[in-house]
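Single-letter residue listing:
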Amino acid sequence: MIKRVYADNAATTRLSERAFEAMKPYMTEIYGNPSSLYTEGVEARKAVDKAREDIAKCLNAQPNEIFFLSGGSEADNWAIKGAAELGERKGKKHIISSKFEHHAVLHTLEYLEKHGFEVTLLDVHEDGLVRPEELEAAIREDTALITIMYANNEIGTIQPIKELAAIAKKHGVVFHTDAVQAVGTIPVDVKELGVDMLSLSSHKFHGPKGVGALYVRKGIRLPNLVHGGAQERGLRAGTENIAGVVGMAEALKESVEVMDERNKRLEKMRDRLIDNLLKIDRSRINGDRVHRLPGNVNMCFQGIEGESLLLSLDLKGVAASSGSACTSGSLDPSHVLLSIGLPHEVAHGSIRMTFSTENTEEDIDYILAELPPIVDRLRSMSPLWEKIIKNDK
Ligand SMILES: *Cc1c(COP(=O)(O)O)cnc(C)c1O
């Protein structure tokens, strides 16, 4: 059987054994409704409360600042639409974000633009980072919200969130960060960062899919997301996903416990892969090498299509990504790569490989053995490559 190397952990991760074990009882014996007053309900309620406490602790938040939701997209939607509504009540209809946000943010902002909001998208420079002084310059009297992602899902760059949040605070503007790629991967302390709202998603840190959370700082009163019962302090109605939140909490605790050691290992693997792939003629790394997630490799190989590379890698057993999962299948190059100034034809030749605690040095060896010959083969068939070479002579 051909070896499989899963190198797409930014898209999703495997459920950890520990999280799965923690979830099992809530999928079988403990099935009470947490809103019920009898014993079965009380047991379920305890599990939800404990999960909320555990997650709050991992983020240095209070339990009543954590709202359980269906995932990162829902958290981003609620934070942004909610803050927009709060702003609108005070006549503020301007929002600042950045060009390389996840579509859960960008498409929500497009929706708000159709409803009379004005949106300023900050440039992301070639290093994949926004500039604090550019944020400050974009703030207006009527700015209702600033939303800037913590770590980018494609190029893995880590924004100076603490500095950006401090600027927002100085000007009295609500600050939200999509921290879906950061939570469980790098240390996240909401108090230290000084953010007002922060999105997280369980399946990005080895928890189950379809569950996430939004941290909402005490003092911010978001409008209802779902009307109905009293769940999530009356703001997001619906019987809780008990197994889901239990699994998310267990996975986050585990991720935080292993973080330091795991990241040291991942950084070493990442750097070895990058250094060796950079030996390929006309290759480049996308995004800053230092302010970068430990498991993120995003590279361009001129003259080939990322899509072809991805499919060839899959035949060799390697699961990678060209652009984000949401855009694969479309022929548009990634908006993230365009935002850092890559020309269309270069952005097309990019590939993302993202690693987790599950990956090993052998996986890197395997990729280093299989990938360069594929690039050679694809280039030998590429008219684009021929042109590049000719122009050089
Ligand atoms: C995956 C991801 C999301 C969406 O999270 P879901 O739980 O899949 O809805 C949002 N933002 C970023 C940065 C992501 O990587």
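Enquirer: Quick rundown of helix α12 (residues 361–380)? Include the residues and the values.
Expert: In this model, α12 (20 residues) spans 30 Å end to end at C-alpha, consistent with the 28 Å of a helix rising 1.5 Å per residue. Every buried residue of α12 is listed here: Asp-363, Ile-364, Tyr-366, Ile-367, Leu-368, Glu-370, Leu-371, Ile-374, Val-375, Leu-378 and Arg-379.

Enquirer: Please set out the site of the ligand residue by residue, giving values where relevant.
Expert: Around the ligand, the structure places 13 residues, and the nearest of them are Ser-73, Asp-178, Gln-181, Ser-201 and Lys-204. Contact between the ligand and Asp-178: a nitrogen atom at 2.6 Å from a side-chain N or O atom of the residue. At a separation of 2.7 Å, an oxygen atom of the ligand approaches a polar side-chain atom of Lys-204. With three residues, helix α3 (residues 72–88) is the largest single contributor of residues to the shell around the ligand. Classifying every residue of the shell around the ligand by side-chain character gives two nonpolar, eight polar and three charged.

Enquirer: Any chance you could break down the packing of aromatic side chains for me, citing the residues and the numbers?
Expert: By the definition in use, this model includes one aromatic pair. An angle of 85 degrees between the planes, with centres 5.4 Å apart, marks the rings of Phe-67 and Trp-78 as edge-to-face. Here the residue Phe-67 occupies a position in strand β2 (residues 66–69), and Trp-78 occupies one in helix α3, the gap between them amounting to 11 residues. Among the residues examined, Phe-67 registers a relative accessible area of 3% and is labelled buried. Using a relative accessible area of 3% as the deciding quantity, one classes Trp-78 as buried. It is Lys-81 that lies over the ring of Tyr-111; its NZ or CZ is 5.2 Å from the centre. Positioned above the aromatic ring of Trp-385, the side-chain terminus of Arg-379 is 3.9 Å from the ring centre.

Enquirer: Can you tell me about the pattern of salt bridges, naming the residues and giving the values?
Expert: Using the criterion set out here, one finds 34 salt bridges in the structure. The salt bridge partner of Asp-123 is Lys-99, with a shortest N-O separation of 2.4 Å. Highlighted residues: Asp-123 in the loop between β4 (118–122) and α5 (132–138) and Lys-99 in the loop between β3 (94–98) and α4 (103–114), separated in sequence by 24 residues. Its relative accessible area of 35% is what places Lys-99 among the partly exposed residues. Arg-289 is the partner of Asp-275 in a salt bridge, and the nearest nitrogen-oxygen pair spans 3.0 Å.

Enquirer: Provide a residue-level description of the confidence of the model for the protein chain, including the pertinent values.
Expert: On average, residues of the protein chain score 95 in pLDDT, and 97% of them reach the 70 mark or higher. Here residues 324–329 scores under 50 on pLDDT; set against residues more than four positions off or in separate chains, the count is seven contacts.

Enquirer: Can you explain the side chain of Arg-52? Please cite residues and give values.
Expert: Within the secondary structure layout, Arg-52 lies in helix α2 (residues 39–59). A relative accessible area of 12% places Arg-52 in the buried class. Contacts of Arg-52, omitting those with residues within four sequence positions, involve Pro-63, Ile-66, Phe-67, Phe-68 and Glu-232.

Enquirer: Break down the pairing of strand β7 (residues 197–201) for me, citing the residues and quoting the values.
Expert: Extensive coverage of β7 is indicated by the burial of five of its five residues. Relative to β7, strand β6 (residues 174–178) is paired through three bridges, and the arrangement is parallel. Its bridge partner being in β7, His-176 is matched across the sheet by Met-197. For β7 and strand β8 (residues 212–216), the ladder comprises five bridges, and the chain directions are antiparallel. Across the sheet, the residue bridging to Met-197 is Val-216, located in β8.

Enquirer: Please provide a residue-by-residue account of the environment of Phe-301, values included.
Expert: With respect to the element layout, Phe-301 can be found in strand β10 (residues 296–301). Among all residues touching Phe-301, those that are not within four sequence positions of it are Leu-277, Ile-280, Arg-282, Ser-283, Leu-309, Gly-349, Ile-351, Leu-371, Val-375 and Arg-379.

Enquirer: Let's hear about the sheet that holds strand β12 (residues 350–354): which residues, and what values?
Expert: Strand order across the open sheet formed by three strands is β9-β10-β12, with antiparallel pairing between neighbours. With one partner strand each, in any of the chains shown, β9 (283–285) and β12 form the two edges of the open sheet. Sheet twist, expressed as the mean angle between neighbouring strand axes with direction ignored, is 25 degrees. Of the pairings in the sheet, the one linking β9 to β10 comprises three bridges and is antiparallel in character. Each bridged residue has a counterpart across the sheet, and for Ile-285 the counterpart in β10 is Met-299.

Enquirer: Could you give an account of unusual backbone geometry, naming the residues involved and the relevant values?
Expert: One non-glycine residue, Asn-60, lies in the positive phi region at around 60 degrees. Within the element layout of this structure, Asn-60 appears in the loop between α2 and β2. Owing to a relative accessible area of 39%, Asn-60 belongs among the partly exposed residues under this scheme. For Glu-232, which is not glycine, the phi dihedral falls at a positive 50 degrees.

Rules behind the numbers
Residues numbered from 1 in each chain as written. Predicted model: local features only at pLDDT ≥ 70, side-chain atom pairs only at ≥ 80, totals over all residues. Heavy atoms only, no water. Helix = DSSP H or I, 4+ residues; strand = E, 2+ residues; numbered from the N terminus. Expected span 1.5 Å × (residues − 1). Buried < 20%, exposed > 50% of the residue type's maximum accessible area, 1.4 Å probe, protein only. Near = heavy atom within 4 Å. Polar contact = N/O pair within 3.5 Å; in protein donor to acceptor, adjacent residues only side chain to side chain. Nonpolar A, V, L, I, M, F, W, Y, C, P; charged D, E, K, R; others polar. Phe/Tyr/Trp six-rings, centres within 6.5 Å; stacked < 30°, edge-to-face > 60°. Lys NZ or Arg CZ within 6 Å of the ring centre and 35° of its normal. Salt bridge = Lys/Arg side-chain N within 4 Å of Asp/Glu carboxyl O. pLDDT = per-residue confidence, 0-100. Contact = heavy atoms within 4.5 Å. Pairing = 2+ DSSP bridges. Axes fitted to C-alpha atoms, helices over the stretch in contact; angles between N-to-C directions.

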